[in-house]
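Structure assessment
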Amino acid sequence: MNALLPEKTRFFPLHEKHMQSGARFGMFGEWQVPLYYTSILEEHEAVRKRAGLFDISHMGEVWVEGTESLEFLQRLLPRDLRKIKDGQALYAPLLNEAGGFIDDVIVYKFQDQKYLIITNAANTDKDFEWIQNHLSGSLKAVNQSDRYGLLSIQGPLSAQIVSNAFGKKFLDLKYYRFAPWGNGMIARTGYTGEDGFEIMAECSELSGVWERLFQSGRESGLVPVGFGARDTLRLEASMLLYGHDMDDQRTPLEAGVAWAVDLEKNAYIGREALVQQKKKGIQQRLAGFELLDRGVPRQGYEIRMGHEPVGTVTSGSYCPTLKKNMGMAYLNAEAAAPGTGIDIIIRDKAVHAKVVAMPFYRRQKLS
Amino acid sequence: MNFPKELRYTKSHEWAKLSGNKVLVGITDYAQKEISDVVFVDLPKPGQAVVRGKPAAVVESVKAAFDIYAPVSGKVTQKNSALESTPELVNQDCYGKGWFFEIELSSCGEWDELMTSEQYAQHIQQEVR
């Protein structure tokens with residue numbers, strides 16, 4: 001069970017700290033990442049009930065700067081970036097000409113001519129190359145993924161902990177807004193379905209940020225959380241994971257994120273393909289399901305309706321908060337409506353399941 | 001880590017306990033820690049024949065599925081149905097309430113080939129290294 005590390009293995013700036021905290025590690029792309037510190041189930045619950053701190057320094061940071069930044073991003077991305085103000089962030093698919101996902105990213109507007117794009121680790125080099133190949137004029141794109149680390153604090157107590165650590169103003173920071181902090185920033189974003197913040201800091205500052213958050217939050221139950229619980233939390237919140245729930249063969253219309261593409265907007269990469277696909281209708285779409293019999297769904301499992309194959313599982317797990325085995329799958333249109341009975345094929349056995357609406361979990365908001 | 005002296009062990013981290021010609025099977029303390037939070041166990045049915053070294057059950061953690069191998073060949077006489085509703089017993093009490101199934105031993109020679117607790121402890125040390 002103690003496999004040798006692949007030749008090209010990358011370590012987090014805080015790797016030592018994670019080792020001292022008792023982390024068990026696993027590979028995520030080229031990165032050796034903490035899988036869990038005590039138990040995936042305990043860490044999952046901590047985030048739902050209190051707060052958890054994730055190191056997600058594998059994520060990429062690409063800056064776009066120059067007088068034509070906005071025009072460039074309008075061509076690059078399928079959403080209307082004129083709608084965001086300074087200090088605001090936007091989730092967006094990054095699409096190829098066929099409308100397929102190169103990645104999904106978050107764009108942060110620092111000022112009129114300065115934007116940050118946070119990318120998925122395994123896609124960073126590919127995204128950066130794509131961005132560079134589409135640049136024009138005096139526009140500059142800089143990949144500073146090695147300069148920055150990213151920490152994410154998530155859970156109902158995270159606002160209190162962040163405001164104690166970094167200042168009261170973060171209590172009032174709205175969802176998908178951010179404020180510069182040091183040479184980085186603090187954003188009210190996350191990947192768990194809970195309230196939370198993501199903190200981008202230079203690698204040399206990261207240890208200090210980690211310590212400060214624990215000084216502020218340890219007593220209220222803040223714990224470090226690994227990638228195991230990150231996956232179960234995002235699955236319950238039905239957030240997509242690149243390489244599982246979407247890739248370059250799938251479009252946002254198929255992946256159920258049509259809200260993140262603006263078909264009214266003019267000329268951007270992938271628009272024509274999306275317009276065509278919308279006209280023709282989609283064959284398969286991403287749907288959620290829960291198992292009615294015993295079993296755990298995993299990526300790659302076949303799905304049938306009667307004897308007919310109707311799709312494939314893209315993500316699946318035991319969902320600790322909901323205490324159900326659930327997943328996401330690309331299903332033929334006729335099988336994708338909530339309530340439809342399907343079978344997941346687990347080790348050659350058909351296990352009954354039904355299609356359910358997403359997200360599986362939605363937090364209760366106080367206000 | 002705890003490897004009771006009265007049990008025998010496999011390289012694939014199952015334990016076996018002999019009483020009469022029946023062998024009770026479970027997974028070791030090392031295995032349950034490595035697997036971590038067990039959320040699902042799929043057991044062989046009583047009457048089913050199992051073969052030494054071949055998969056006989058499946059245990060799944062939040063992250064992944066693992067095969068559990070039969071330490072000896074024979075016919076399954078009982079399974080621990082409690083694991084179907086409370087799979088966490090595997091983590092909580094791997095040598096007690098977290099047992100998997102019972103086999104009627106078909107050849108005594110196979111029993112003698114299993115590792116003692118000392119041998120198993122050495123095997124783990126090599127694996128960890």
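Residues numbered from 1 in each chain as written. Chains lettered and ligands numbered in written order. Predicted model: local features only at pLDDT ≥ 70, side-chain atom pairs only at ≥ 80, totals over all residues. Heavy atoms only, no water.

Remarks on the sheet that holds strand β2 (residues 24-28) of chain A
By way of backbone hydrogen bonds, the strands of a sheet pair with one another, either parallel or antiparallel. Residue and element names in this part refer to chain A. Read from one edge of the open sheet, three strands run β1-β3-β2, paired in mixed fashion. Each edge of the open sheet carries a strand with a single partner, namely β1 (10-11) and β2. Direction of pairing for β1 relative to strand β3 (residues 31-36): parallel, over a ladder of two bridges. When the bridges of β3 are listed, Phe-11 appears paired with Gln-32. (Pairing = 2+ DSSP bridges. Helix = DSSP H or I, 4+ residues; strand = E, 2+ residues; numbered from the N terminus.)

Observations regarding the nonpolar core
Core analysis: the largest hydrophobic core is formed by 50 residues, its most contacted members being A:Tyr108, A:Leu116, A:Ile118, A:Met185, A:Met200 and A:Leu240. With near-sequence residues (within four places) excluded, A:Ile118 lies in contact with A:Met59, A:Gly60, A:Glu61, A:Val105, A:Ile106, A:Tyr108, A:Leu150, A:Met185 and A:Met200. (Core = buried A, V, L, I, M, F, W, Y, C linked by side-chain atoms within 4.5 Å. Buried < 20%, exposed > 50% of the residue type's maximum accessible area, 1.4 Å probe, protein only. Contact = heavy atoms within 4.5 Å.)

Details of the domain arrangement of chain A
Residue and element names in this part refer to chain A. Taken domain by domain, chain A comprises domain 1 (10-56 + 146-236), domain 2 (60-143) and domain 3 (283-356). Distance from the C-alpha centre of domain 1 to the C-alpha centre of domain 3: 31 Å. Contact with domain 1, which involves seven residues of that partner, is made by eleven residues of domain 3. Across the domain 1 to domain 3 interface the summed buried area is about 710 Å²; carbon plus sulfur atoms make up 70%. Taken together, the links from domain 1 to domain 3 amount to zero salt bridges. At the junction of domain 1 and domain 3, the tally comes to five residue pairs in polar contact (both at pLDDT 80 or more). Among the elements of the structure, α2 (40-49) and α7 (227-236) are those that each provide at least two residues to the side of domain 1 that touches domain 3. Top element by residues in the side of domain 1 that touches domain 3 is α7. It accounts for four residues. Its residues assigned to classes, the side of domain 1 that touches domain 3 comprises two nonpolar, two polar and three charged. (Domains from an automatic or database assignment. Buried area = accessible area lost by both parts, 1.4 Å probe. Salt bridge = Lys/Arg side-chain N within 4 Å of Asp/Glu carboxyl O. Polar contact = N/O pair within 3.5 Å; in protein donor to acceptor, adjacent residues only side chain to side chain. Nonpolar A, V, L, I, M, F, W, Y, C, P; charged D, E, K, R; others polar.)

Points about the interface of chain A and chain B
Taken residue by residue, the interface counts 18 residues in chain A and 20 residues in chain B. A buried area of about 1,800 Å², summed over both sides, lies between chain A and chain B, and 50% of it is on carbon and sulfur atoms. One can count four salt bridges joining chain A with chain B. In this structure, B:Glu60 and A:Arg347 form a salt bridge, with 2.9 Å as the shortest nitrogen-oxygen distance. Across the chain A-chain B interface, the total number found is twelve residue pairs in polar contact (both at pLDDT 80 or more). When residues of the side of chain A that touches chain B are traced back to their parent elements, those giving at least two are β3, α2, α7 and β17 (308-319) of chain A. Residue composition of the side of chain A that touches chain B, by class: seven nonpolar, six polar and five charged.

As for helix α5 (residues 158-166) of chain A
Given 3.6 residues to a turn, an α-helix orients residues that are three or four positions apart in the same direction. Residues and elements named next belong to chain A. Burial runs high along α5: seven of the nine residues are buried. Residues of α5 that are buried: Ser-158, Ala-159, Ile-161, Val-162, Ser-163, Ala-165 and Phe-166. Lining the buried residues of α5 we find β10 (148-154), β11 (178-181), β12 (184-187), β13 (196-202) and α6 (203-217). Once α5 ends, the next one or two residues include Gly-167, with phi positive near 125 degrees.

Concerning the sheet that holds strand β5 (residues 60-65) of chain A
Residues and elements named next belong to chain A. On the basis of which strands lie adjacent, the open sheet formed by five strands has the order β6-β7-β8-β5-β9 and antiparallel pairing. The open sheet has two edge strands with one neighbour each: β6 (88-95) and β9 (140-143). Each strand axis lies, on average, 25 degrees off the axis of its neighbour in the sheet, ignoring direction. Here helix α3 (residues 69-76) sits on the sheet and contacts β5, β6, β7 (101-111) and β8 (114-119); the angle it forms with β8, its principal contact strand, is near 30 degrees. Against the sheet, helix α4 (residues 124-134) engages β5, β6, β7, β8 and β9, with an angle of about 170 degrees to β9. (Axes fitted to C-alpha atoms, helices over the stretch in contact; angles between N-to-C directions.)

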